Amino acid sequence: MSDWPFLFDFARRHQNDRLALATLVAREGSSYRQPGARMLIAADGSFTGSLSGGCIEEGIARTARRVLENGTPERIVIDTRPHFGCPGKLHILIEAIDPTLPARIASTLRERRSLTLVTGPCGTRFDGRADSGELLEKVAPPPRLVVVGWTPDIDPVLAFASSLGWERHRVLRDDRMLPETPSIAGESVVSLASEDFARSFRPDPLTAVLVMTHHLATDLAFLREILPAGYGYLGLLGSRRRRETLLAELGSLGLLEDPSITDRFHAPVGLDLGGHHPATIALAIVAEIQAVLAGASGGFLRDRSGTIHSEPLPA
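The numbering scheme is per chain: residues are counted from 1 as the chain's sequence reads. Since the coordinates come from a predicted model, pLDDT governs what is reported: local features require at least 70, and pairs of side-chain atoms require 80 or more to be given and counted, while whole-chain, interface and lining totals use all residues. Each side-chain value is worked out from all heavy atoms of the structure, with water and hydrogens disregarded.

In the annotation of an unreviewed UniProt entry, the protein chain is listed under the name XdhC family protein and assigned to Luteolibacter rhizosphaerae.

Right under this line is the structure:
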């Protein structure tokens with residue numbers, strides 16, 4: 001995912017301030033972050049985001065204050081050897097931005113629509129065309145996690161998702177269960193009948209649905225609507241026996257004729273991380289969702305051939 005969801009809160013807190021945007025536009029050799037990594041810096045030197053492992057951000061913030069004072073974008077090149085101990089260079093563009101830029105990006109992403117940003121010598125713009133040497137970045141909506149359930153073991157799942165900047169929703173079975181305030185800051189809580197689910201949460205490849213009702217009949221009712229809808233990920237909390245019981249019911253309804261449906265269905269849910277505490281189970285669940293939505297294996301990095309980081313996909 002992009003840095004933008006993490007930058008929006010900072011932009012809102014500094015909506016009356018001048019802001020600078022620092023972008024990693026190119027790299028030579030290895031680097032902790034990939035091209036497209038962003039920082040936002042305010043005139044007082046405070047900032048959010050990162051372009052490295054944390055070694056160069058203070059210096060970038062100092063340069064950004066100068067850019068805000070004179071209004072002229074600067075492109076700097078940082079030798080990574082003194083900072084990281086490995087040869088390479090980071091090419092970073094620092095620019096003063098239109099204060100409406102983060103809000104415009106956020107508005108588009110809230111509608112679950114992607115957009116394209118071009119960052120060149122003169123700054124960042126909404127434009128689908130890029131000249132040679134410019135960074136073209138496709139910004140997709142953040143992953144969206146919709147959890148069907150109402151038990152306390154959902155809280156750590158939503159807490160982990162919150163730390164990742166995901167959009168979060170909790171679906172309850174009736175209005176009597178609606179709390180006065182959400183358990184996790186930033187989540188929405190809705191009462192929804194199973195047949196209304198897909199209309200309320202339009203399927204897209206970055207939406208993950210997790211069924212955690214602990215009630216077999218309710219699981220079946222929601223899975224009947226969710227399974228064929230085409231979400232990027234569908235997980236069910238429960239044992240293999242529970243999965244087979246539900247799949248048999250769903251198969252009898254003719255919902256499993258497309259083999260890709262069961263490929264998207266993860267039950268028992270989660271990666272095999274060990275541990276039985278609700279927090280470790282939640283970590284395993286969120287890690288699996290991240291891997292599936294990113295098209296990753298979820299295995300050990302030490303066993304991966306080639307580079308650790310995949311190259312950014314072209315916009």
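On we go from here.
1. Regarding the overall build of the protein chain
Helix numbering and strand numbering both begin at the N terminus, where a helix is a DSSP run of H or I of at least 4 residues and a strand a DSSP run of E of at least 2. What the protein chain contains, in helices and strands, is 10 helices and 14 strands. Each principal axis of the C-alpha atoms in the protein chain carries an extent, and together these give about 65 × 45 × 40 Å. Whether a residue is buried, partly exposed or exposed follows from its accessible area with a 1.4 Å probe, protein chains only, as a fraction of its type maximum: under 20%, in between, or over 50%, in that order. For the protein chain, buried positions account for 44% of its 315 residues. At a minimum sequence separation of 6, the contacts of the protein chain that also span at least 24 residues come to 57%. Areas reported here follow the Shrake-Rupley algorithm with a probe of radius 1.4 Å; residue values treat only the protein chains shown as occluding. Per element, the accessible surface of the protein chain, about 16,200 Å² overall, is 52% carbon and sulfur. Of the side-chain charges in the protein chain, 34 are positive and 38 negative, and the distance between the mean point of each set is 2 Å. The contact criterion used is simple: two residues touch if any of their non-hydrogen atoms lie within 4.5 Å. Positive charges are assigned to Lys and Arg, negative charges to Asp and Glu, while His and the chain termini are left out of the count. All charge positions are set by atom: Lys at NZ, Arg at CZ, Asp at CG, Glu at CD.

2. Looking at the sheet that holds strand S8 (residues 135-139)
Backbone-to-backbone hydrogen bonds join strands into a sheet, with any given pair of strands oriented parallel or antiparallel. Strand order in the open sheet made by the 3 strands is S7-S6-S8, with antiparallel pairing throughout. With partners counted over all chains shown, the strands left at the sheet margins are strand S7 (123-126) and S8, one partner each. Strand-to-strand twist of the sheet, defined as the mean angle between neighbouring strand axes without regard to direction, takes the value 25 degrees. Paired strands are those between which DSSP finds at least two bridges. The sheet contact formed by strand S6 (residues 115-120) and S7 spans 4 bridges and is antiparallel. Directly across from Thr119, in S7, lies its bridge partner Thr124. Every axis corresponds to a line fitted to the C-alpha atoms, with the helix fit spanning only the stretch in contact, and the corresponding angles, defined between N-to-C directions, vary from 0 to 180 degrees. Its contacts with the sheet place helix H4 (residues 101-110) against S6, S7 and S8, and it is angled at close to 150 degrees to S6.

3. Some words on the side chain of Thr119
For Thr119, the location among the structural elements is in strand S6. Setting aside its immediate chain neighbours within four residues, Thr119 contacts Thr23, Val25, Arg38, Leu93, Glu95, Thr124, Glu134 and Leu135.

4. Observations concerning the UniProt feature "domain: XdhC- CoxI" (unreviewed entry) in the protein chain
UniProt positions are given in the numbering used here, feature names are shortened, and annotations may be inferred rather than shown by experiment. Taking the numbering used here, the UniProt-annotated feature "domain: XdhC- CoxI" (unreviewed entry) corresponds to residues 14-75. Span residues 14-75 is 23% helix and 34% strand, its end C-alpha atoms 24 Å apart.

5. Concerning the pattern of salt bridges
A carboxyl oxygen of Asp or Glu within 4 Å of a side-chain nitrogen of Lys or Arg is what we treat as a salt bridge. This structure, assessed with the given rule, holds 14 salt bridges. The closest approach of N and O atoms between Asp155 and Arg170, which form a salt bridge, is 2.7 Å. In this pair, Asp155 is assigned in helix H5 (residues 154-163) and Arg170 in strand S10 (residues 167-172), connecting sequence segments 15 residues apart. Here Asp155 falls in the partly exposed class, since its relative accessible area comes to 23%. Judged by relative accessible area, Arg170 falls into the buried class, the value being 6%. Among the salt bridges present, the one from Arg199 reaches Asp196, with a minimum N-O distance of 2.3 Å. Residue classification places Arg199 among the exposed residues on the basis of a relative accessible area of 64%.

6. Things to note about the pairing of S8
Side-chain positions along a regular strand alternate between the two faces of the sheet. With burial as the criterion, only one face of S8 is covered, namely that bearing Leu135, Glu137 and Val139; the residues Leu136 and Lys138 on the opposite face remain uncovered. Where S6 lies against S8, 5 bridges are found, and the strand directions are antiparallel. Following the sheet pairing, Thr116 is matched in S8 by Lys138.

7. Regarding the nonpolar core
By nonpolar core we mean a set of buried residues, namely Ala, Val, Leu, Ile, Met, Phe, Trp, Tyr and Cys, connected to one another through side-chain atoms within 4.5 Å. In terms of nonpolar packing, the biggest core is built from 23 residues, with Val171, Phe197, Leu223, Ile226, Leu234 and Phe265 touching the most fellow members. Elements with a contribution of two residues or more to this core: strand S9 (144-148), strand S12 (207-211), helix H7 (216-226), strand S13 (233-236) and helix H8 (240-252). When residues of this core are assigned to their parent elements, the largest contribution, 4 residues, is made by H7. Aside from chain neighbours lying at most four places away, what touches Leu223 is Val211, Pro228, Leu234, Leu236, Leu246, Leu250 and Phe265.

8. Some details on the sheet that holds S9
Spatial strand order, S11-S10-S9-S12-S13-S14: 6 strands in an open sheet with parallel pairing. Where the open sheet ends on each side, the last strands, each with one partner, are strand S11 (188-191) and strand S14 (265-266). Both S9 and S12 contribute to a ladder of 5 bridges, which runs parallel. Of the residues in S12, the one forming a bridge with Val147 is Leu210. Those strands touched by H5 are S9, S10 and S12, and its axis lies near 160 degrees from that of S10. Seen against the sheet, helix H10 (residues 278-294) touches S9, S12, S13 and S14 and runs at an angle of roughly 155 degrees to S13.

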